[in-house]
Amino acid sequence: MRRNTILALVACATSAVWAADTLSFAGDRTIERDLVTGLQVPWGMEEDSAGQIWFTERPGRVSRLDPVTGVRRVLLNLPDVYSTGETGLLDLALHPAFPKVPQIFTVYTYQSGGAIRERLVRLDWEAARDTLLPADTLLDGVRGVSTHVGSRLLFLPDTTLLMSSGDFQNQPIAQDPRAVEGKILRMTTAGAPPADNPVPGFLAWTTGHRNVQGLAMGPAGRVFYSEHGPNNDDEFGVVRKGRNYGWPTVHGFCDDVVEDKFCLDSNVVEPLSAYTPTLAVAGIEWYGADAFPSLKGRVLMVSLKAGQLRALRVHADKDSLLSDSILVNNRWGRLRDVLVLANGYIVVAVSNRDGRGTAGAVDDRLILLSPAGSSKVSRRVQATAAGRVLNVRNLGGRLVRAGSDLSGLPASLYLLEFESGTMVPAIQHGGLRKY
Ligand SMILES: [Ca+2]
Ligand SMILES: [Ca+2]
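Below or above, wherever it landed, is the structure these notes cover. (Residues numbered from 1 in each chain as written. Chains lettered and ligands numbered in written order. Predicted model: local features only at pLDDT ≥ 70, side-chain atom pairs only at ≥ 80, totals over all residues. Heavy atoms only, no water.)

### A closer look at the coordination of the calcium ion (ligand 2)
Condition: In this description, a donor is an N, O or S atom within 2.8 Å of the metal centre, a cutoff extended to 3.2 Å for sodium, potassium and calcium. Water is not part of the atom list, which can make sites seem incomplete. Between buried and exposed lies partly exposed: a residue is buried under 20% and exposed over 50% of the maximum accessible area for its type, with that area taken using a 1.4 Å probe on protein chains only.
Within the protein, His 251 (O), Phe 253 (O), Asp 255 (OD), Glu 259 (OE) and Glu 259 (OE) serve as the donor atoms for the calcium ion (ligand 2), at 2.2 to 2.7 Å. Each donor residue of the calcium ion (ligand 2) lies on one chain, and together they are spaced H-x1-F-x1-D-x3-E. Its relative accessible area of 55% is what places Asp 255 among the exposed residues.

Laid out in C-alpha cells, this is it:
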C-alpha cells in the first residue's frame, strides 16, 4: 500500500491534512483522502448544487466544506443542543431547491425539565452574510432518552420530508399510530401532515421502528432504510407507505411462530437483509454515478460497530436483494454517514469520538474516495510538494497576509504559498461558488 502525506490546505476554522492512500474495491482502484480532520462526531452530510458539503457535528455545529480546497466554514453553533450518549445535533437536509430556496432542515436534542426532547428545525441561509439563522420549528417535543432518537432526514420528490424517530427505549410506542416516536414520519416543510398521509392528520408514514439510522432515495422514488436491531437483526429494506415494520414483536424477518402471526395480522414489511451479529448500520445512499462503474445501481451502506462500507444490489422491480458486498471492513473505525457527490466520488463520515470508538489523532474526519487516475484535484494535490503554508496571496501574486489563515478576508479566490514555493488555490467564501 502506498501512502503519501501530501500537504496541508488551511481553512478558516480547521487545518486539514490531506493524506492520500489507495485501496481497491469491487475492481475499481480508489484513492482515499482526508477532506477535513479534527471533527467531533460528524453525523449528517449533504452536497449542494455548487458542490459544497454541508454537515453537522453532534455537539451542535453546522459547517460547509469545499471538497476541492478543504476550506471549511462553521456557519452555526446551535446553543441549546444537549448531546449525550447517541443524542445531540443529528441529521440535516437541504431543501431540494437549495440555494434558490435557502432552507436547511436539521434535528437535535435538548433538555426540558430534566428530560431529553428532540426537535426538527428549519435554518435559513442568508447568502449576503453567509450565515445560518434558526427560522422555524417543524416538530417539537419528540420524546427521547440518551439512545434511540432516530433523526435521519430525506426529502421525497414531492418536497415532503421524511424523518425517522426512535422508540426512546419505550418499545410499545413503535406500534402506537398516533405517537410520533418509533416511526418514519412524513411532513410538509412547515411540519404539517400532508393530506395523503396514511392516517389523515398524523405524521406517521410507517410504524413499528426501533431506530432507523439511514434513509435514501433510489430510482423511481423508491426509498430505502437501515435500522438498528437490538443484539440481533439490524435491517436494510424498502420503505412502504402506511406499512408496519414489526418492532418490537418482529426482529428482522418473520421467521418464528409469534412473528409469523404478527406479520400476518399487521401487514408487516420484512427487510431485504438482516444482520446478526449486528453491524450498527447507519447512513445509506444510492449510487447512480459513473465514477465507480462497479458500484452503479447499488445502495451504499456504512456501519458504526463493524466499520464497514457495503454495496447492496436490490432487484429493480421486486423487493429482493441480489447481492451484498463488503467494500471496506473496519479500515477507518466507525462510519456514521455516506454521501455520493454529483461527480460520483464518495464521502464517508468517521465517528470514532462518539464514545464507542477508539479515536486516532486525526479523528473524526470526512474521507473522500475517488477513482484512481481520474481526479484532477488529486493529481493537482499530489503534484504539490509537502510543506507549511507561508503566505496568502491574491491571484496577482501580491502578498495578502502572512500565514495560512483566511478568516476575515473578503470573499475571493486566493493562493496559498507553500514553503516549497508551490501555490495552491483556496477560496474564502462570501457565498457559494460554482466550479
Ligand atoms: Ca423490522
Ligand atoms: Ca425474526
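### A short note on the sheet that holds strand S12 (residues 153–155)
Defined as follows: Pairing between strands is defined by DSSP: at least two bridges between the two strands are required. Segments assigned H or I by DSSP are reported as helices when at least four residues long, segments assigned E as strands when at least two residues long, and all are numbered from the N terminus. Interaxial angle, 0 to 180 degrees, is taken between N-to-C directions of lines fitted to C-alpha atoms, where a helix line uses only the stretch in contact.
Read across the sheet, four strands follow the order S12-S13-S14-S15 without closing on themselves; strand pairing throughout is antiparallel. Edge positions in the sheet fall to S12 and strand S15 (204–206), since each has one partner strand and no second. Across the sheet, the mean angle from the axis of one strand to that of its neighbour is 30 degrees, orientation sign disregarded. In the sheet, strand S13 (residues 161–164) pairs with strand S14 (residues 184–187) via four bridges, with the strands oriented antiparallel. Note on S14: the bridge partner recorded for Leu 161 is Met 187.

### Notes on helix H1 (residues 257–265)
Which entries qualify depends on this criterion: Directions pointing from the helix axis toward each C-beta atom define the arc. Under the rule applied, a polar contact is a pair of N or O atoms within 3.5 Å (in protein, one hydrogen donor and one hydrogen acceptor; residues adjacent in sequence only if both atoms are side-chain atoms).
Of all the residues in H1, the buried ones are Glu 259, Phe 262 and Cys 263. Viewed along the axis of H1, the buried residues span an arc of 100 degrees, placing them on a single side of the element. Exposed residues pointing more than 90 degrees away from the buried face of H1 are listed as Val 257, Lys 261, Leu 264 and Asp 265. Residue Asp 256 occupies the N-cap position of H1, its side-chain oxygen lying 3.1 Å from the main-chain nitrogen of Val 258. Phi turns positive one or two residues past the end of H1, at Asn 267, with a value near 55 degrees.

### Side note on a negative patch on the surface
Test applied: Only residues whose relative accessible area exceeds 30% and that take part in no salt bridge are eligible for patches, with like-charged residues grouped when within 9 Å of each other and nonpolar side chains (Val, Leu, Ile, Met, Phe, Trp, Tyr) grouped when within 5 Å. For accessible areas, the Shrake-Rupley method is used with a probe of radius 1.4 Å. Any residue's cover is judged against the shown protein chains and nothing else. A carboxyl oxygen of Asp or Glu within 4 Å of a side-chain nitrogen of Lys or Arg is what we treat as a salt bridge. Working convention for charge: Lys and Arg count positive, Asp and Glu count negative, and His plus the chain ends are omitted. Each charge is placed at NZ for Lys, CZ for Arg, CG for Asp and CD for Glu.
There is a patch of like negative charges on the surface, built from Asp 255, Asp 256, Asp 260 and Glu 270. Within the secondary structure layout, Asp 256 lies in the loop between strand S18 (234–238) and H1. With relative accessibility at 37%, the residue Asp 256 sits in the partly exposed group.

Any link to function would need more than the numbers given here.
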